Amino acid sequence: AQSVTQPDIHITVSEGASLELRCNYSYGATPYLFWYVQSPGQGLQLLLKYFSGDTLVQGIKGFEAEFKRSQSSFNLRKPSVHWSDAAEYFCAVGNNAGNMLTFGGGTRLMVKP
Amino acid sequence: EPEVTQTPSHQVTQMGQEVILRCVPISNHLYFYWYRQILGQKVEFLVSFYNNEISEKSEIFDDQFSVERPDGSNFTLKIRSTKLEDSAMYFCASSEARGGYNEQFFGPGTRLTVL
């Protein structure tokens, strides 16, 4: 069965600092990996996705993520965080059939001025 | 930009009552989904729906739950007899096509509170 672990429940960074949010997955085949962001009162918005090719993927809002098969990881990064990035971030893995996303527990990001 | 909408944003009901949560998926999308998130827990898949049939469902999606596309625009989740443990945020999503790489677009959610 597929699963996703986000080890950090809360992270606080200063505005302008770099950010890395961790994600580890378990999936038997080549995974389809996603990062979503949820701002208060909003739905889940896709930041980026990976399913093949270059292991470093670029997303919206200046985010990127790197797929590392050997570590079963798909960590999200941003070189310089903005106050508007404060939100909850979810890593997810999709099954081949495309019917189901399995989410991690989420990481709540707070940004200090 | 097209988006998934959900109504109501918050629903309060008494235990044992039936509730219907409504979603309007993006108009050219063919695949529809329901997820839920109990407070403090993970977002969990409930069901996917295509061509007026359930494609896949989780063990959470028991006989108390049903889904329907009653017309060309709405997609509904019905809970027949709500329990306290059904209190959660329910998210609707839709995608253009099937396949793990296809983005699922999510609505803002309906918060269901069962008293």
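Residues numbered from 1 in each chain as written. Chains lettered and ligands numbered in written order. Predicted model: local features only at pLDDT ≥ 70, side-chain atom pairs only at ≥ 80, totals over all residues. Heavy atoms only, no water.

Participant: Go over the state of the cysteines with me, naming the residues and quoting the values.
Facilitator: Overall, the coordinates contain 2 disulfides over all chains when judged by the stated rule. Shown here is the disulfide that connects Cys23(A) with Cys91(A), its sulfur atoms set 1.9 Å apart. Disulfide Cys23(A) to Cys91(A): torsion about the S-S bond roughly -65°, handedness left-handed. Note that Cys23(A) is positioned in the loop between β3 (19-21) and β4 (24-26) and Cys91(A) in strand β10 (residues 87-94), a separation of 68 residues in sequence. Each member of the pair, Cys23(A) as well as Cys91(A), carries the same accessibility label: buried. A sulfur-sulfur distance of 1.9 Å marks the disulfide that ties Cys23(B) to Cys92(B). Between Cys23(B) and Cys92(B), the S-S dihedral sits near -65°, and the bridge is therefore left-handed. Placement of Cys23(B) in strand β3 (residues 19-24) and of Cys92(B) in strand β9 (residues 88-95) is noted, with a sequence separation of 69 residues between them. Its relative accessible area of 0% is what places Cys23(B) among the buried residues. (Disulfide = S-S within 2.5 Å. Helix = DSSP H or I, 4+ residues; strand = E, 2+ residues; numbered from the N terminus. Buried < 20%, exposed > 50% of the residue type's maximum accessible area, 1.4 Å probe, protein only.)

Participant: Before we move on, could you go through unusual backbone geometry and cite the residues and values that matter?
Facilitator: Glycine aside, a negative phi is what most residues show, and trans is what most peptide bonds show. Residues and elements named next belong to chain B. Each neighbour pair has its own omega, and for threonine 7 with proline 8 the value is -10°, a cis peptide bond. Among the secondary structure elements, proline 8 is positioned in the loop between β1 (5-7) and β2 (10-13). Within the chain, asparagine 51 stands out as a residue other than glycine whose phi angle is a positive 55°. Residue position: asparagine 51 is located in the loop between β5 (43-50) and β6 (53-57). The phi dihedral of asparagine 52 is positive, around 65°, even though this residue is not glycine.

Participant: Quick one: what's the story with the sheet that holds strand β7 (residues 65-68) of chain B, residue by residue and with numbers?
Facilitator: Residues and elements named next belong to chain B. Pairing is antiparallel across the open sheet formed by 4 strands, whose spatial order is β1-β3-β8-β7. Edge strands, defined here as strands with exactly one partner in the open sheet, are β1 and β7. Geometrically, the sheet is characterised by an average inter-axis angle of 20° between neighbouring strands, direction not taken into account. (Pairing = 2+ DSSP bridges. Axes fitted to C-alpha atoms, helices over the stretch in contact; angles between N-to-C directions.)

Participant: Go over the packing of aromatic side chains with me, naming the residues and quoting the values.
Facilitator: One pass over the full model with this rule turns up 18 aromatic pairs over all chains. With 5.6 Å between their ring centres and 70° between their planes, Tyr35(B) and Phe45(B) make a pair best called edge-to-face. Taken together, the residues Tyr35(B) in strand β4 (residues 31-37) and Phe45(B) in strand β5 connect sequence positions 10 residues apart. Of the two residues examined, Tyr35(B) and Phe45(B), each falls in the buried class. Here the aromatic residues Phe34(A), Tyr36(A), Phe90(A), Phe103(A), Tyr35(B), Phe45(B) and Phe106(B) are joined through ring pairs into a cluster of three or more. (Phe/Tyr/Trp six-rings, centres within 6.5 Å; stacked < 30°, edge-to-face > 60°.)

Participant: Tell me what's going on with the pattern of salt bridges, and back it up with residues and numbers.
Facilitator: Summed over all chains, the structure comprises 6 salt bridges over all chains. Ionic pairing is found between Glu64(A) and Arg77(A), a salt bridge with its closest N-O pair at 3.3 Å. Placement of the pair is Glu64(A) in strand β8 (residues 64-68) and Arg77(A) in strand β9 (residues 73-78), with a sequence separation of 13 residues. The partly exposed category is assigned to Arg77(A), whose relative accessible area is 23%. The partner of Glu44(B) in a salt bridge is Arg36(B), and the shortest N-O contact between them spans 3.3 Å. Taken together, the salt bridges that share partners define one network made up of Glu64(A), Glu66(A) and Arg77(A). (Salt bridge = Lys/Arg side-chain N within 4 Å of Asp/Glu carboxyl O.)

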